[in-house]
Each structure stands twice: as structure tokens, then as C-alpha cells.
Amino acid sequence: MSAKLNSPQREAVRTLSGPLLVLAGAGTGKTRVVTHRIAELIRHGTPPERILAVTFTRKAAGEMLQRASALLRTKGKGRKQMRPQISTFHSQCVRILRRHIAKLGYPAKFSICDRGDQESEARAALREIRCPNESLRPGDLIAIIGGWKTRSIGPARAASVAETDKEHLAAAAYRRYQNNLKTKGVVDFDDLLLLVQQLFSENAAVRREEASRFDHVLIDEYQDTNQSQYQIVRGLAMGHRNLCVVGDDDQSIYGWRGAEVEHILRFEKDWPDAKVVRLEDNYRSTSAILNYANTLIAFNRVRHDKVLRAARAGGARPRVLQLPDENQEAEKVVADIQHLLSQPGVAARDFAILCRTNEQPRSFETELRKAKLPYILVGGMSFFDRKEVRDLLAYLKVIENPHDEVSLLRIINTPARGIGNSTVKSLVAAATSHGGHVWDFLSTAGEEGILAPAAAQSVKKFHTLIESIREIAPNCKLQDLASLVIEKANYRNELSRIYPDPNDRDARNASLEEVINAAANYQGQSKEPNLQGFLDEVALGGQDTPDEKENQLKSNAIALMTLHSAKGLEFPYVYMVGMEEGILPHKRSITADGDAIDEERRLCYVGVTRAQEQLTLSIALTRRKWGKTRDTVPSRFLFEMTGQAENAVHNRKRR
Ligand code: ATP
Ligand code: MG
């Protein structure tokens with residue numbers, strides 16, 4: 001056993017069976033316990049593939065796999081080929097649904113829709129219930145449905161929990177939305193969890209079959225499990241009872257996604273023979289940084305009191321930077337990073353700029369580009385949200401499954417090929433009245449009198465185009481398939497048409513190239529590469545790691561990310577920017593009840609505890625909102641952390 005474990009950590013790692021809870025503060029080595037425990041289980045004879053470890057984000061899963069493989073390389077000689085299953089809840093659920101979704105009345109082949117698809121489905125559902133746009137916007141509908149889904153509320157129950165007018169409308173639209181998705185064989189992200197939960201509760205044999213794949217289940221960041229995830233974990237572990245969960249109630253930051261911190265606090269009740277291990281030494285941050293974190297989190301009213309000691313004494317006191325506006329804030333932070341980077345032994349990957357909102361990164365991106373510093377944007381506007389990327393993926397989805405109507409309708413006239421709205425409407429109407437799929441009418445629409453000859457001709461040509469690619473697809477490497485689609489669909493011409501500016505065009509072409517690179521990457525890395533697998537990977541990747549290179553550690557770049565996506569990670573230098581009322585705490589939380597502020601405080605705590613050597617907090621004294629410059633108010637968390645109001649100014653003068 002590695003000497004690099006303290007005694008409670010060792011105790012947790014050596015507890016090889018039964019329920020085990022590690023409840024401990026940030027940076028105390030919880031994730032280290034999980035990875036070491038995986039290695040320990042394997043050393044004691046558990047076959048790696050019988051171990052399931054679940055993490056919250058793909059980034060965390062990647063990092064855990066890396067850490068575990070490093071341990072296994074030094075410990076388990078000759079076992080390299082077999083790997084424990086380390087994945088996120090969502091990807092594990094995709095695997096389960098691929099095997100069983102038909103039992104829920106879905107077509108066996110399903111696709112995972114992204115945010116854009118979701119919006120068009122929401123719009124369609126609202127149209128079907130004749131809801132005027134001003135009463136409920138598609139974005140609001142998605143948010144309300146999302147809220148229900150994370151609390152495991154299906155369409156049947158939504159009407160009874162709806163309170164406001166908007167919610168009643170949403171409940172009616174939810175039924176349509178869900179029905180439409182189901183008939184099209186499409187699931188959204190929340191469905192992935194919800195459907196597995198449903199499958200497990202309705203079908204004991206399936207639950208047993210899935211549970212029997214593993215002898216051990218380990219869950220990191222357990223404080224952020226929602227109702228469905230909680231039930232799924234129970235379902236997987238109730239047979240063998242070898243369940244190890246680790247987490248920190250102070251870092252629960254997904255309340256808005258239905259996560260219930262009670263799950264971790266209730267663990268001992270659910271599993272009465274559970275062993276509970278507490279870790280108190282923080283190995284990550286200097287004591288100067290940890291003092292800020294401890295002082296801050298103590299302001300939360302409801303929490304489990306925990307000891308969190310710094311194993312690393314001393315350290316530089318966190319700095320507070322105040323700049324006149326958001327552009328100068330970005331300039332200053334980037335200049336600071338550039339200065340530190342000029343010192344020996346400091347690399348771009350040592351830095352993280354943490355933001356609360358999706359709007360904040362823009363000015364930092366601009367400055368980082370100007371300074372020609374490598375950076376990765378994580379958790380913001382996804383690469384996979386770009387139009388050209390979504391178009392290309394929609395083609396691939398249709399090639400995999402022509403009954404994926406969301407994608408089919410997206411590309412049927414992209415690039416424009418003379419298939420107008422009214423043609424599409426007639427096709428959809430025909431499919432609906434015959435209870436079939438649009439795809440099935442494409443080649444015969446003319447003969448069946450659904451379309452006029454000219455339209456029928458264009459539609460038939462499109463059908464032939466897709467069919468011709470589908471024929472070649474099974475014998476084609478994925479990257480070649482993607483190239484073939486671009487070529488056959490004449491997509492580059494489309495780009496030239498939409499983007500006359502060559503710079504724009506190049507950027508768009510570069511995105512297409514990235515998809516091809518991603519396909520080649522997938523083709524090279526997976527055991528049995530196939531189109532379905534690639535599409536699943538992409539759909540899940542777009543969810544929380546838009547970064548196509550995935551691993552910030554490998555690609556030496558500054559991480560520009562949201563606080564939410566920084567969970568579980570650590571960086572020598574951390575910049576928490578926009579430390580202002582309305583940003584952190586977020587404006588929504590200020591008007592809501594006190595619990596919402598507490599959650600923002602936990603989010604701030606997560607940010608502070610990412611820093612190893614130096615923490616820098618920054619504020620812009622003015623910020624532009626809707627084109628107008630407004631004065632800002634420093635975040636209450638700044639005052640709380642520093643102990644006094646003057647501190648922020650004081651720190652700045654000392655620099
Ligand atoms: P978080 O709450 O942020 O998820 P965590 O509890 O999972 O944090 P880890 O990421 O596992 O903490 O560990 C934090 C840092 O401390 C890592 O760099 C890890 O390598 C180091 N560390 C953990 N345990 C020890 C130890 N016993 N000796 C030295 N370093 C340690
Ligand atoms: Mg961790």
C-alpha cells in the first residue's frame with residue numbers, strides 16, 4: 001500500500017466490502033481514496049471489470065481513470081488490458097438503455113438529443129397545444145420540464161404538482177413533448193436517468209441483470225446525486241451491498257438540478273451497517289487559502305460541522321483585485337497570468353479562471369487570444385452547439401437511424417435542396433396519419449400522391465443520397481464516413497454560401513475538421529468502434545465537457561471554466577473573477593429564499609478550495625449590462641471570507 005495515505009484514508013481503502021461512507025471536506029483526499037480503493041480491490045483479486053466507479057463529470061471520470069491506471073501500472077503487472085468501468089451517471093445509463101430501452105416501449109435504437117433539438121421539440125409541443133409564445137417560451141418549458149424530471153416527476157404527475165399558470169401550460173406541453181420524443185426514439189439528458197430509474201423499478205429482472213455486472217460500486221461527489229441517481233445507485237448495489245460513496249455536504253451545488261444533499265446525510269440510515277470514515281487533513285491548499293474557505297463556509301446555517309485542517313502551513317494570502325470595468329478585469333488577470341508564466345516551472349495548465357455565469361468568459365477569451373495564451377473553455381458555449389457541427393452530427397445520426405426524425409428534419413433541406421416548409425409539413429402529416437416515420441415516405445411520396453412531382457423528386461434525391469451513404473457506412477472508418485458526408489452533401493458549398501467572409505468560413509471548416517478528428521480519435525481508442533458509440537460519446541461529451549481535447553491536464557492550457565465544472569479539480573493558481581453581488585451570489589439566488597444563497601456560498605467554497613498555491617479574487621467596479629454601464633457591489637462572500645469590509649481594498653493597496 002502506498003505510503004501516501006494517512007491513517008483514516010488507509011482505513012477506508014482497506015475496507016473492502018460492505019457499505020462505506022467517506023464524508024469529508026474539500027481536498028482531503030476523497031477522490032484519492034476512491035482511486036486507491038479501486039487498486040486495492042484489484043490487488044485482492046477483484047477483476048477490474050467487475051468494478052464500477054461513477055463520477056459526476058466526464059472530466060472527473062477521465063482524471064480518475066488516469067489516476068487509477070497510474071496506480072495499477074505500478075501495482076498490478078500484466079493486468080493492463082482489463083479496466084474498471086469508470087464513467088458518469090449519464091454514460092452508464094446510456095449503456096443500460098442501449099440494452100433494455102425496448103422494454104419501456106421505446107424503439108430499440110434511440111438517439112440522445114441536445115439542447116438545440118430539445119428547443120425545437122419544445123417549440124413543437126407548444127404549437128400543438130396552441131400556446132401563444134408570450135405565455136410560455138420554449139426555453140422556459142425546457143427549464144420547467146427539466147425541474148420535474150430531476151425530481152422524477154413524469155408527464156402523468158406533472159399536472160398535479162403544477163401551481164402557476166405557466167406550470168399548468170407546461171404540464172400539458174410536457175405530455176406532448178415526451179410523447180413526441182418517444183415516438184421518434186429520442187431521449188433527452190434527464191430521460192437517461194429517469195428511464196433507467198423507471199426500468200429498475202418496473203422490471204426487477206433488468207435491475208438484477210444490470211446489478212450483477214459488478215461486485216463493487218464506488219461513487220464520487222455523492223452529495224450531488226438527485227432522486228433518480230440515488231435510486232439507480234441503490235438498485236445497482238442492493239444485492240452485493242459493496243457500495244462506497246464519498247462526498248462533502250459543503251460542496252453540494254446542484255440543488256437546482258434536483259440534487260438532495262440529504263442523500264449523503266441519510267446514508268447511514270439507508271445502510272445501517274455502513275462504516276463511516278472522516279478525513280480532516282486538507283492536502284491541497286495552503287493554510288492561508290484554507291482559512292478563507294473555512295471562514296466562508298461557517299456562514300452557512302445548516303451544515304455538518306467538520307474539521308478541515310491545512311496539511312500545508314503558511315502560503316500567500318489570497319489577493320483581491322479591483323478593476324474599473326470587466327474589460328480591465330480581464331486584462332489584469334491575463335497580464336498577471338502572463339507574468340507568472342514567465343517564471344521557471346510554471347505552466348499554462350497550472351491556471352484556472354473560474355466564472356459563475358456563461359457570459360463572463362467572453363472578455364477573458366478575448367484577452368487570452370490577444371496574449372496568444374493557450375486556453376480551454378470548459379462548460380460554456382459548447383463546441384457541439386455550433387451549427388455546422390450539429391448539422392454534420394445530424395447527418396450521422398440519420399445514417400445510423402433514419403427514424404431519428406429530429407435530425408432528419410434538421411438536414412432534409414440543409415444544404416438547401418428545394419424541399420420547402422410545406423413539403424416537410426405534408427410529409428410529417430402523412431407520417432402522423434399513417435402512424436409511420438417520415439423516412440418511410442421519402443421515396444414514395446410522389447407515387448402516393450403526398451407531394452407534387454417536383455417536390456417528390458427533390459425528396460427522392462435526398463433519400464437516395466442518404467441511402468447511398470448508409471450502404472457504405474458499415475465498412476467505413478468513422479472519420480472517412482464524416483468526410484464522405486461533407487462531400488456528398490456538398491456541405492462546404494453551403495458554408496461558402498452562408499459565410500462569405502473567408503475568416504468565418506475557415507473557422508467553420510475548422511469545426512468540421514474537429515468532428516473528423518474526434519471521430520478518428522474515437523475510432524483509434526475504442527475497442528469496438530461503431531457509429532452509435534461515437535454518437536453517444538459526442539452527445540455525452542457535449543453535456544459537460546465541450547472541450548474536444550477533453551483533458552486539460554494533457555493539453556497544456558489555461559482552464560477557463562464555470563465554478564460548477566471545476567468541482568473535484570485542483571490548480572496551483574486560481575482566479576475567481578466577478579466577485580460581485582448578482583454574479584456570485586447569482587442574482588436569481590438573491591431574490592429567492594435563504595437556501596439559494598447558501599448554495600451560492602457552497603459554490604464559492606468549491607471555487608476557493610480549488611486553489612493550491614495562490615488564490616486571486618477579482619471584481620470589476622462597473623459592468624456593462626444591456627449596453628449600459630452600472631456600478632457593481634462587491635460580493636458579500638468577499639467580506640465574509642476576509643472577515644471585514646475594508647479587507648478587499650486593503651489587500652489591493654498592499655500589492
Ligand atoms: P474535493 O473535495 O475537491 O473533491 P478530494 O477530497 O477528492 O477533494 P483529492 O482530490 O483526492 O481530494 O486530494 C486533494 C489533493 O491532496 C490531491 O492533490 C491529492 O493528491 C493530495 N493528497 C490526498 N491525500 C494525500 C496524502 N495522504 N498525502 C499527500 N497528499 C495527499
Ligand atoms: Mg474529489
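Residues numbered from 1 in each chain as written. Chains lettered and ligands numbered in written order. Predicted model: local features only at pLDDT ≥ 70, side-chain atom pairs only at ≥ 80, totals over all residues. Heavy atoms only, no water.

Let's talk about the overall build of the chain
Note the following rule: Runs of H or I in DSSP of at least four residues are treated as helices and runs of E of at least two as strands, each being numbered from the N terminus. Radius of gyration here is computed from C-alpha atoms only, and the compact-globule reference equals 2.2 Å multiplied by the residue count raised to the power 0.38. Using a 1.4 Å probe on the protein chains alone, a residue whose accessible area is under 20% of its type maximum counts as buried, one over 50% counts as exposed, and one in between counts as partly exposed. For accessible areas, the Shrake-Rupley method is used with a probe of radius 1.4 Å. Any residue's cover is judged against the shown protein chains and nothing else. His is not counted here, nor are the chain ends, while Lys and Arg score as positive and Asp and Glu score as negative. Lys charges are placed at NZ, Arg charges at CZ, Asp charges at CG and Glu charges at CD.
Summing up its helical and strand segments, the chain has 29 helices and 18 strands in all. At 26 Å, the chain has a C-alpha radius of gyration in line with the 26 Å of a compact globule built from 655 residues. Dimensions along the principal axes, computed over C-alpha positions, put the chain at roughly 80 × 60 × 55 Å. By residue count, 56% of the 655 residues in the chain fall in the buried class. Surface exposure of the chain reaches about 28300 Å², of which carbon and sulfur atoms provide 49%. Separation of charge centres in the chain, based on 95 positive and 82 negative side chains, amounts to 3 Å.

Quick word on the site of ligand 1
To keep things clear, this is the line we draw: Proximity is defined per residue: any heavy atom of the residue falling within 4 Å of a molecule or strand makes that residue near it. Under this definition, polar contacts are N or O atom pairs within 3.5 Å; protein pairs additionally need one hydrogen-donor-capable and one acceptor-capable atom, and for neighbouring residues in sequence, both atoms have to be side-chain atoms. Delimitation of the domains relies on an automatic or database domain assignment.
As a structural note, the neighbourhood of ligand 1 is formed by 20 residues, with K30, Q251, R284, E570 and R610 the closest of them. In this structure, an oxygen atom belonging to ligand 1 sits 2.8 Å away from a side-chain N or O atom of R32. In this structure, E570 approaches ligand 1 through a side-chain N or O atom, which is 2.5 Å from an oxygen atom. Protein chains bury 88% of the 640 Å² of accessible surface belonging to ligand 1 in isolation. Every element with two or more residues in the shell around ligand 1 is listed here: α2 (30-43) and β9 (281-286). Counting residues per element, the shell around ligand 1 draws most heavily on α2, which supplies 3 residues. Here the shell around ligand 1 spans two domains, since at least three of its residues come from each of domain 1 (2-95 + 197-279) and domain 3 (286-378 + 553-654).

With respect to a positive patch on the surface
Note the threshold: Each patch is built from residues that are more than 30% exposed by relative accessible area and take part in no salt bridge. Like charges join if they lie within 9 Å; nonpolar side chains (Val, Leu, Ile, Met, Phe, Trp, Tyr) join within 5 Å. A pairing counts as a salt bridge when a side-chain nitrogen of Lys or Arg comes within 4 Å of a carboxyl oxygen of Asp or Glu.
Taken together, the side chains of K587, R588, K625, K628 and R630 define a basic patch exposed on the protein surface. Of all elements in the fold, only α26 (587-591) and β18 (628-631) reach the threshold of two or more residues within the positive patch. Considering the arrangement of structural elements, one finds K628 in strand β18. Under the relative-accessibility criterion, K628 is labelled exposed at 55%.

Considerations on the sheet that holds strand β16 (residues 611-620)
Rules: Whether two strands pair depends on DSSP finding at least two bridges between them. For helices, the axis comes from a line fit to the C-alpha atoms of the stretch in contact; other axes are also lines fit to C-alpha atoms, and the angle between any two N-to-C directions lies between 0 and 180 degrees.
If you trace the 6 strands from one edge of the open sheet to the other, you get β11-β16-β15-β12-β14-β13, paired in parallel fashion. Looking at which strands have only one partner, the edges of the open sheet turn out to be β11 (319-323) and β13 (375-378). When strand polarity is set aside, the average angle formed by the axes of neighbouring strands in this sheet is 20°. Across 4 bridges, the pairing between β13 and strand β14 (residues 558-562) is parallel. Following the sheet pairing, V378 is matched in β14 by M561.

Details of the nonpolar core
Convention followed: Think of a nonpolar core as a cluster: buried Ala, Val, Leu, Ile, Met, Phe, Trp, Tyr and Cys residues, connected wherever their side-chain atoms sit within 4.5 Å. Contacts are assigned to residue pairs with any non-hydrogen atoms lying within 4.5 Å of each other.
Grouped together as the largest cluster of nonpolar side chains are 50 residues, with contacts concentrated most on L393, L396, L427, L442, L451, F462 and F534. Of all the elements, helix α17 (residues 387-400) adds the most residues to this core, at 8 residues. Those residues within four positions of F462 in sequence are excluded, and the remaining contacts are L408, I411, I412, R417, I419 and L442. With 41 residues, the next largest nonpolar core counts L23, I112, L195 and F267 among its residues.

Description of helix α16 (residues 361-370)
Think of an α-helix as turning once every 3.6 residues; residues three or four places apart then point the same way. Residues P361, S363, F364, E365, E367 and L368 constitute the buried set of α16. The inward-facing, buried residues of α16 abut α15 (326-341), β12 (351-355), β13 and β14. Directly beyond the C-terminal end of α16, a positive phi value near 55° is found at K372.

Some words on the packing of helix α6 (residues 138-150) against helix α9 (residues 189-202)
We count it as follows: In this scheme, roughly parallel covers angles under 35 degrees and roughly antiparallel covers those over 145, while 65 to 115 is roughly perpendicular and the rest are oblique. Each helix crossing is assigned a hand: it is left-handed if the near helix lies turned anticlockwise from the far helix by less than a right angle, otherwise right-handed if that turn is clockwise. Under this grouping Gly is polar, as are all residues other than the nonpolar Ala, Val, Leu, Ile, Met, Phe, Trp, Tyr, Cys and Pro and the charged Asp, Glu, Lys and Arg.
The interhelical angle for the contact between α6 and α9, taken along N-to-C directions, is 25°, at an axis separation of 10 Å. Taken together, the axes of α6 and α9 are roughly parallel relative to one another. Note on packing geometry: the crossing formed by α6 with α9 is left-handed. The segment α6 lies against α9, with G146, K149 and T150 engaging D190, D191 and L194. A breakdown of the residues in the contact of α6 with α9 according to their chemical character gives 1 nonpolar, 2 polar and 3 charged.

Considerations on the packing of aromatic side chains
Stated precisely, the cut-off is as follows: Aromatic pairing here means that ring centres of Phe, Tyr or Trp (its six-membered ring) are within 6.5 Å. Orientation follows from the plane angle: under 30 degrees is stacked, over 60 is edge-to-face, and everything else is tilted.
Summed over the entire model, instances satisfying the criterion amount to 6 aromatic pairs. Ring geometry for F351 versus Y575: centroids 6.5 Å apart, planes at 25°, classification stacked. Of this pair, F351 sits in strand β12 while Y575 sits in strand β15 (residues 571-576), placing them 224 residues apart in sequence. Accessibility classification places F351 together with Y575 in one group, the buried group. Every member of this aromatic cluster is reached through a ring pair, and the members are Y222, F267 and W271.

Details of the sheet that holds strand β7 (residues 243-247)
Pairing is parallel in the open sheet, where 6 strands are placed in the order β3-β2-β6-β7-β1-β8. Looking at which strands have only one partner, the edges of the open sheet turn out to be β3 (85-88) and β8 (275-277). Taking the axes of each pair of neighbouring strands and ignoring which way they run, one obtains an average angle of 15° across the sheet. With 3 bridges connecting them, strand β1 (residues 20-23) and β8 associate as parallel partners. Paired with L21 across the strands is V276, a residue of β8.

Regarding the side chain of Q223
Mapping Q223 onto the fold places it in the loop between β6 (216-219) and α11 (227-237). Within the structure, the side chain of Q223 is placed 2.9 Å from the side chain of E221, a separation counted as a polar contact.

Here we look at the pairing of strand β2 (residues 51-55)
Residues in a regular strand point their side chains to alternate faces of the sheet. Among the 5 residues that make up β2, 5 are buried, leaving the element largely enclosed by the rest of the structure. Side chains of β2 alternate between two faces, with I51, A53 and T55 and L52 and V54 buried alike. Both β2 and β6 contribute to a ladder of 4 bridges, which runs parallel. Residue pairing in the sheet places L52 in a bridge with V217 of β6. For β2 and β3, the ladder comprises 4 bridges, and the chain directions are parallel. Paired with L52 across the strands is Q85, a residue of β3.

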